[in-house]
There are 2 protein chains.
Amino acid sequence: MLGLMQNRPLLISEQIEFAARNHGDEEIVSRSVEGPIHRYTYRDCASRSRQMANALTKLGVKLGDRIGTLAWNGYRHMELYFGVSGMGAVCHTINPRLFPEQIVYIINHAEDEYIFIDLTFLPLVEAIKDSITNVKGFVIMTDKEHMPETSLPNVLCYEELMASADDQFAWPEFDENTASSLCYTSGTTGNPKGVLYSHRSTVLHSFGIRSPDGVGFSSQEVILPVVPMFHANAWGIVYAAAMAGSKLVMPGAQMDGKSIYELMEAEGVTLSAGVPTVWMMLLAFMNESNSKFTTMQRTVIGGSAVPKSMIESFRNNYNVDVIHAWGMTEMSPLGTACNLKRKHAGLPNEEKNDLNLKQGVAVFGVEMKIVDDTGKELPWDGEKFGRLLVRGPWVTSGYFKSDQSVVDSDGWFDTGDVSTIDKDGYMQIVDRSKDVIKSGGEWISSIDVENEVVGCPGIAEAAVIAVPHPKWDERPLVIAVKQEGSNVSKEDVIEHLKRSLAKWQLPDDVVFVPELPHTATGKLLKNKLREEYKDYTLSSS
Amino acid sequence: MLGLMQNRPLLISEQIEFAARNHGDEEIVSRSVEGPIHRYTYRDCASRSRQMANALTKLGVKLGDRIGTLAWNGYRHMELYFGVSGMGAVCHTINPRLFPEQIVYIINHAEDEYIFIDLTFLPLVEAIKDSITNVKGFVIMTDKEHMPETSLPNVLCYEELMASADDQFAWPEFDENTASSLCYTSGTTGNPKGVLYSHRSTVLHSFGIRSPDGVGFSSQEVILPVVPMFHANAWGIVYAAAMAGSKLVMPGAQMDGKSIYELMEAEGVTLSAGVPTVWMMLLAFMNESNSKFTTMQRTVIGGSAVPKSMIESFRNNYNVDVIHAWGMTEMSPLGTACNLKRKHAGLPNEEKNDLNLKQGVAVFGVEMKIVDDTGKELPWDGEKFGRLLVRGPWVTSGYFKSDQSVVDSDGWFDTGDVSTIDKDGYMQIVDRSKDVIKSGGEWISSIDVENEVVGCPGIAEAAVIAVPHPKWDERPLVIAVKQEGSNVSKEDVIEHLKRSLAKWQLPDDVVFVPELPHTATGKLLKNKLREEYKDYTLSSS
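Residues numbered from 1 in each chain as written. Chains lettered and ligands numbered in written order. Predicted model: local features only at pLDDT ≥ 70, side-chain atom pairs only at ≥ 80, totals over all residues. Heavy atoms only, no water.

### Description of unusual backbone geometry
Stated formally: Numbering of helices and strands runs from the N terminus; a helix is a DSSP stretch of H or I covering at least four residues, while a strand is a stretch of E covering at least two. Only protein chains enter the accessibility calculation, which uses a 1.4 Å probe; a residue whose area is less than 20% of its type maximum is buried, one above 50% is exposed, and one in between is partly exposed.
Geometrically, the link from Ser332(A) to Pro333(A) is a cis peptide bond, its omega value of 5° lying close to zero. On the secondary structure map, Pro333(A) appears in the loop between β14 (321-327) and β15 (334-337). Of note in the backbone geometry, Glu111(B) takes a positive phi value of approximately 55° without being a glycine. We classify Glu111(B) as partly exposed; its relative accessible area is 42%. The backbone of Asn154(B) sits at a positive phi, close to 50°, despite the residue not being glycine.

This is the structure:
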C-alpha cells in the first residue's frame, strides 16, 4: 500500500526559486574575472538563470544535452548551474587543471554541445580547438566590452546571449532521476570517468551537507567556497546555499592567501571550504601579516587528509573550528564530516584536535562498512582497517557511457580507500587500497610509513610502495628524495622509523631518487613507481 | 536521460539503524507510565525495534496492515514507530483526547489489526470494546509485573511479546512511497480524516525539520518533545532526532509545568516543542517558583498562534528563543518556521519578538502561495491576505480510503487558512478561511476582532462570525460571554473596538450568551454558532 502524499519531484530549479522567493534580498558576491567585485541577489540570480534557460532553448539545447563549463567560482557559473540543469540539460563542469589531452578526451566523451569559458581559460581551449570539432559553439563568459580576440569558431558573448532572452521561464517538471550534471574524475590510470548526477541525488545531497551533522548552514551564514565549482560541484555548496538562503562569496580566479583573507574580512565570511593546500597559503599569509579573523567561525577541509598542525593553527591561533570532511566525486561528494558530539563538548582543545584528525561520521544518507580481502565485514573498533564500501542515494551506480556496474550485488560501492571506523562512527582513512602493503596477512598503511619517513631529518619527499616478496607476499619499499645537501642514509631512515613503527611494519629497503613522479593535480603517481620497481629485489629477501 | 546514481529508497528503518551505528551510545530517556525514569540508548532502541518487527511478523502482521497505538511519548512508543513502519506495516497513532465515538470511528475506518495501549488508556478502550470487534488483539504496553486486570479480549503483554522475539531482523527494502504511518485529523465538521504518510515523505520531512532553517538539530542537542506522539507524529521530531543522533527526553503522561521543568533540568534539555497551552503551564510554574533554566536554549511553539507575551517571557525573562512554527497534520506537519535571518541579527529584543509573532518562512520542500477568491495569486507584501495554498513532497494528496483528490490541477492543497506573506517570505496566519468575514469585497479577520473584543474589560470569551447582510454580503457579529458580575454593554464593546479597528471592520452587533460551544480539543465551534445565528437580523441592517 502506498502513502497518500504528493508526488512532487526533487528538482534543482526549485532550489534557486526557493531562494528567490524566501531569501530574495540575500547577496551573492563575486570577484569577477574581469576585475571588479560584482554583487547581486538570489532574486537576480534566479531571474538570470531563467534567462539562461531561455537563451539555451533558443540555441536548440534540449533535455539531456551536455553543456560544458570551464570557469571559476562566480555568479555566471552559478547561473549555468541552475539554468542548464533547471531546463533539463546537463551541466558538465570541466576541470581546467587536467592535462590538455584529458580535457580533449572529456569534451569529446561527454559530447558537449556548447562550452562556456571564463576569459582565463580561453588560451587553453584555443590550443585544443582542432581536437573538439563536435562542439557547436563557445560562449565567452563576459560582456561585450571585454570580448577578446579569439581563434575559436562559433563564438558567442555571454552577456549578449543573456540580453536576447526573457527572464520568464516555466521550469519543466520531470522525473527527479533525470541527469543534472556531470563531473569527470581522473584517476592515476586510464581515461577520466564521468559521474552523472541526478536532480534527486543533488537535492538529497544538499539536504545532507546543509544538515547540522553535515556542514550545517542556514540563512545566518556567509559562505566562501574556495573549492572550485569545477571540482565535484564545489562540494555541492552552491546548491545547498540556495536552499538555505546563505550569503555566498565567490573568489573568482584569485585564490592566494591575501586575496582570500581580504575577501573574507570585507564580506563578513563565517564559513569556508577548500583543500589543505589553499589553507596552507591562507595561514602562511595570516602568520606573516599578523592578521586575525573578525567573522570566520568554521572551515571545511577535505580532498586530502588534514595535517594536525593545520587543525591546531585554526583552532588555537584563530578560534576557527575545522570540519574535516571526506568524500569523492562519485559521492556528490560528501560522505563524512568530523563534527564533535555532545559528549565531546567539554574536551580540551588538544583532544578536540586529535578527534578532528579523523574524517568523521557518515552523513545520514550514506551507509558505510569496512571489509577484509574476503569481503567479510570488520568491526567498528577504531583499529581494524579494511576496504571502505559505501552506498546511498547520492553515490554513483556507474560511469557515463559505461555499462559496467560499479556496485556489488548488495549495492555497495568500493571507495578504493582503506579505513578504520570507531564505535562512535568516526571513520579515518588509512590508505588507498591499491597502495596498502599486504604483508603475510597483515596490512601496512603506505601513508603511515610515508608520514614517518618525511619526518626523518634530511628527507624532502617519500613514497612507500609494495614490492613482491617470496615469503610475505609484499613488503614495503621506501623511495625518497633527499633535501638538498643532505647525506641521510638508508640506516638513518630505518633507525628513525624504529621509534614509531612495529618491527614488521619497517620497510625492507630505502632507495634515493632525484625526484618522484606526480599527476597533473599533484598526487604521487605510485602506479608508475610500482611499474618501475616491480622486479626490485629487496636487500633483505 | 537519467542520472547514474544509486537507486536507494528513503526508509524509516534506516533512520534508527543510522542512529544505532553512528550514535549508538546516545540516550533516550523516558518518564515511564509505570513511574520510574527509564533510560537506554539508540543501540537498544534499534535492537528492540527489530524485536518488535519479529514479534509482529509472528503475529501475522503483513506489509500495509495497520497497527494502532494509544500511547504517551516514551521508548516503547518509539519502538513501535520504527518497528511497525520499518517492517512495512502502518503505524496508526490514535489521539486519546478525541470523543469516544470518534475513536471508534477511527479504529474501524483504519481497520487496525492490533492496538498497543499505555496503561493510562486502558479504561478508554474497555469502554468502547464492543464497537471495535474487528481488532484481533490488544497489547498492553507494560511488563508482566504491571499487567492489569482487564475486560478486553485477546490481551497480550508488551514485554512478554518482546521477550519471545529475536533482535536480528533484516529490514525489508521496498518502494519509498510505501505507506508508513497514519494520523486522523478531526475538523469541526464531519468524520475524522486519515492522513497516510509514506517512508519518502517522512524521511524528507525529517531532513526539513532537522535543517537549520527548519528547527535545526544535531548530535549536540537534547530534545524534549512535549507535543504528543499521537499528534502529527510529535511533529516528526522522533524520526528526525534519530537521523541527527540527538538525545531524546520523553515526558510520558506528566505534562504539568513542574514535571516538565524538573525533567528539563535533570536531563540537560536544550530544545523543546509543544503547543501554547503547555508553555503557559510551564511559565506559570517557573514564575511562581522563581525558577530559571540551566540548559534550555530554544523552544518550538506551534499548533495555534503564539501570544506575544509568551515570546517575550521566554526571550526576555528566560533567555530562550521561541521558534514559532506552523503546519498541519496534512503537512507531516512542518510548513514554516520563524527563524531570524542574517539581517535581523542586530535587532533589539522587542523587534525580534514582533517578528516571531509571524509563523515564519517556508522550509525547503514546501511551496506556498496566497490567492484571492477567484484563485488569482496575491503579492507577498505582508499586507494583502488570501487563502494559503501549499504543495510539496510531504503534503497530502488525499485522505485514506477516499478517492477524492484534495489538490487542484497544479497540485496545490488548500490549507483552509488565510494569511499574509511578506517580501522576506514570512507568512502570518490571519484567520481560517471559513471564518473570515467577506464584507463588500474586503475581508475581515474574525480572529483579529476576537482578540480585540477579549481585550475589552468585562469580556471573558468571544467569538466573531459572519452573518448575511443584504448590502455587504456579510458583516461581523460578536457573540460574547461576560466575566462574572460584569455589566459590560454592546456600546462598551464597540467603543473599545474603535481604538484599534477601522470603521468598516467594526462589528454590527454584540450578543451576550452564558457560554460558547467548543470541540473536544477546546477549539471554538464556530460552525455551530453560524448555524444558530444564520437568520440573525443585524440591528443596523
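Next comes the rest of the write-up.
### Brief notes about the packing of aromatic side chains
How we decide: Any two of the Phe, Tyr and Trp rings considered here, Trp counted by its six-membered ring, make a pair once their centres fall within 6.5 Å; the pair's planes then place it as stacked at under 30 degrees, edge-to-face at over 60, or tilted in between.
Applying the stated rule across the entire model yields 31 aromatic pairs over all chains. A centroid spacing of 6.1 Å and a plane angle of 90° characterise the contact between Phe82(A) and Tyr239(A), whose relative ring orientation is edge-to-face. A residue pair is termed long-range when its members are at least 10 positions apart, and Phe82(A) in helix α3 (residues 75-86) and Tyr239(A) in helix α8 (residues 237-244) qualify at 157 residues. By the burial criterion, Phe82(A) is buried, and Tyr239(A) matches it. Ring centres of Trp279(B) and Phe314(B) lie 6.0 Å apart, and the angle between their planes is 80°; this geometry places the pair in the edge-to-face category. In this pair, Trp279(B) sits in helix α11 (residues 276-289) while Phe314(B) sits in helix α12 (residues 308-318), placing the two residues 35 residues apart along the sequence.

### So, the interface of chain B and chain A
What counts, and what does not: Here, residues are in contact when the closest pair of their heavy atoms is within 4.5 Å. Accessible-area loss on putting two parts together, using a 1.4 Å probe and summing over both, is the definition of buried area adopted here. Every case where a carboxyl oxygen of Asp or Glu lies within 4 Å of a side-chain nitrogen of Lys or Arg is listed as a salt bridge. Distance and chemistry together define a polar contact, namely a pair of N or O atoms within 3.5 Å, with one atom able to donate a hydrogen and the other to accept it when in protein, and with adjacent residues in sequence counting only for side-chain atoms on both sides.
Contacts between chain B and chain A engage 82 residues on the former and 81 residues on the latter. For the pair chain B and chain A, the summed buried area comes to about 6500 Å², and 54% of that belongs to carbon and sulfur atoms. For the pair chain B and chain A, the number of links is 10 salt bridges. Its salt-bridge partner being Glu367(A), residue Arg8(B) comes within 3.5 Å of it at the nearest N-O pair. Put simply, chain B and chain A have 38 residue pairs in polar contact (both at pLDDT 80 or more) between them.

### Observations regarding the relation of the copies chain B and chain A
Just so we agree on the cut-off: Fitting of the copies onto one another was done by least squares over C-alpha atoms, counting residues only where both copies have pLDDT of at least 70.
Placing chain B over chain A gives an RMSD of 0.1 Å and needs a rotation angle of 180°, together with 0.0 Å of translation along the axis. When the rotation and shift are considered jointly, the pair of chain copies conforms to a two-fold rotation axis. Scanning chain B for the C-alpha nearest the rotation axis identifies Ser211(B), at a separation of 2.4 Å. The share of interface residues of chain B whose copies in chain A are also at the interface is 99%, consistent with both copies meeting through the same surface.

### Observations concerning the domain arrangement of chain A
A common way to state how big an interface is: give the accessible area lost once the parts meet. Residues and elements named next belong to chain A. Using the following cut-off: Start and end points for every domain follow an automatic or database-based domain assignment. In this classification, the charged set is Asp, Glu, Lys and Arg, the nonpolar set is Ala, Val, Leu, Ile, Met, Phe, Trp, Tyr, Cys and Pro, and all remaining amino acids, among them Gly, are polar.
You can read the domains of chain A as domain 1 (9-21 + 39-198), domain 2 (365-432) and domain 3 (437-532). A separation of 43 Å is found between the C-alpha centroids of domain 1 and domain 3. Each partner contributes residues to the interface: domain 1 has 5 residues there, and domain 3 has 5 residues. Carbon and sulfur atoms make up 68% of the area that domain 1 and domain 3 hide from each other, which totals about 420 Å². The interface formed by domain 1 and domain 3 holds 0 salt bridges in total. For the pair domain 1 and domain 3, the number of links is 0 residue pairs in polar contact (both at pLDDT 80 or more). Its residues placed into classes, the side of domain 1 that touches domain 3 shows 2 nonpolar, 2 polar and 1 charged.

### A closer look at helix α3 (residues 75-86) of chain B
Residues and elements named next belong to chain B. Short version of the rule: Expected span of a helix: the number of residues minus one, times 1.5 Å.
Between its terminal C-alpha atoms α3 stretches 16 Å, which fits the 16 Å expected from 12 residues at 1.5 Å a residue. Here α3 lies mainly inside the structure; 12 of its 12 residues are buried. Among the residues making up α3, those that are buried are Tyr75, Arg76, His77, Met78, Glu79, Leu80, Tyr81, Phe82, Gly83, Val84, Ser85 and Gly86.

### Description of the nonpolar core
Cut-off, in case you're wondering: Here, nonpolar core refers to any group of buried Ala, Val, Leu, Ile, Met, Phe, Trp, Tyr and Cys residues whose side-chain atoms link them within 4.5 Å.
Ranked by internal contacts, the top residues of the largest apolar core, which has 179 residues, are Met78(A), Phe116(A), Met78(B) and Phe116(B). Once residues lying within four places of it in the same chain are set aside, the contact partners of Met78(A) are Ile28(A), Tyr42(A), Cys45(A), Met229(A), Val238(A), Leu248(A) and Met250(A).

### Side note on the sheet that holds β15(A)
All names here are of chain A. Operational definition: Strand pairing follows a simple DSSP-based rule, namely that at least 2 bridges must link the two strands. Axis definition: a line fit to C-alpha positions, over the contact stretch in the case of helices; interaxial angles, taken between N-to-C directions, run 0 to 180 degrees.
Sheet architecture is open: 9 strands sit in the order β2-β1-β11-β10-β12-β13-β14-β15-β16, paired in mixed fashion. The open sheet has two edge strands, β2 (37-41) and β16 (361-362), and neither has a second partner. Direction of pairing for β15 relative to β16: antiparallel, over a ladder of 2 bridges. Residue pairing in the sheet places Ala337 in a bridge with Val361 of β16. Of the strands in this sheet, β10 (222-225), β11 (247-250) and β12 (271-274) touch α8, which is tilted by about 150° from β11.

### Overview of the pairing of β14(A)
Residue and element names in this part refer to chain A. Here is the rule: Every crossover in which the path from the first strand over the helix to the second runs clockwise, viewed with the strands pointing away from the viewer, is termed right-handed.
Burial analysis of β14 places 5 of its 7 residues in the buried class, which makes it a mostly covered element. Taking the sense of rotation as the criterion, the β-α-β connection linking strand β13 (residues 298-301), helix α11 (residues 308-318) and β14 turns out right-handed. As defined by bridge partners, β14 adjoins β15 across 3 bridges and the pair is classed as antiparallel. Paired with Ala325 across the strands is Ala337, a residue of β15.

### So, the packing of helix α13 (residues 446-454) of chain A against helix α14 (residues 490-497) of chain A
Residues and elements named next belong to chain A. Rule in force here: When an angle is under 35 degrees it counts as roughly parallel; over 145 it counts as roughly antiparallel; between 65 and 115 it counts as roughly perpendicular; any other value is oblique. Take the far helix as your reference; a near helix turned counterclockwise from it by less than a right angle gives a left-handed crossing, and one turned clockwise gives a right-handed crossing.
Here α13 crosses α14 at 115°, and the two axes come no closer than 9 Å. Viewed along their axes, α13 and α14 adopt a mutual orientation that is roughly perpendicular. Crossing angle aside, the handedness with which α13 passes α14 is right-handed. Across the interface between the two elements, Val449, Glu452 and Val453 from α13 touch Val493, His496 and Leu497 from α14. Broken down by class, the residue content of the contact of α13 with α14 amounts to 4 nonpolar, 1 polar and 1 charged.

### Concerning the environment of Ser32(B)
Residues and elements named next belong to chain B. If you trace the backbone, Ser32 turns up in the loop between β1 (27-31) and β2 (37-41). For Ser32, a relative accessible area of 12% translates into the label buried. Taking the C-alpha atoms as reference points, Ser32 and Gly74, 42 residues apart in sequence, are found 6.7 Å from one another.

### Looking at the pattern of salt bridges
Overall, the coordinates contain 85 salt bridges over all chains when judged by the stated rule. Glu159(A) serves as the salt-bridge partner of Arg76(A), at 2.8 Å between the closest nitrogen and oxygen. Residue Arg76(A) is found in helix α3, and its partner Glu159(A) is found in helix α6 (residues 158-163); the two are separated by 83 residues along the sequence. Several salt bridges converge on common partners, so that one network encompasses Asp25(A), Arg43(A), Lys343(B), Lys423(B) and Asp424(B).

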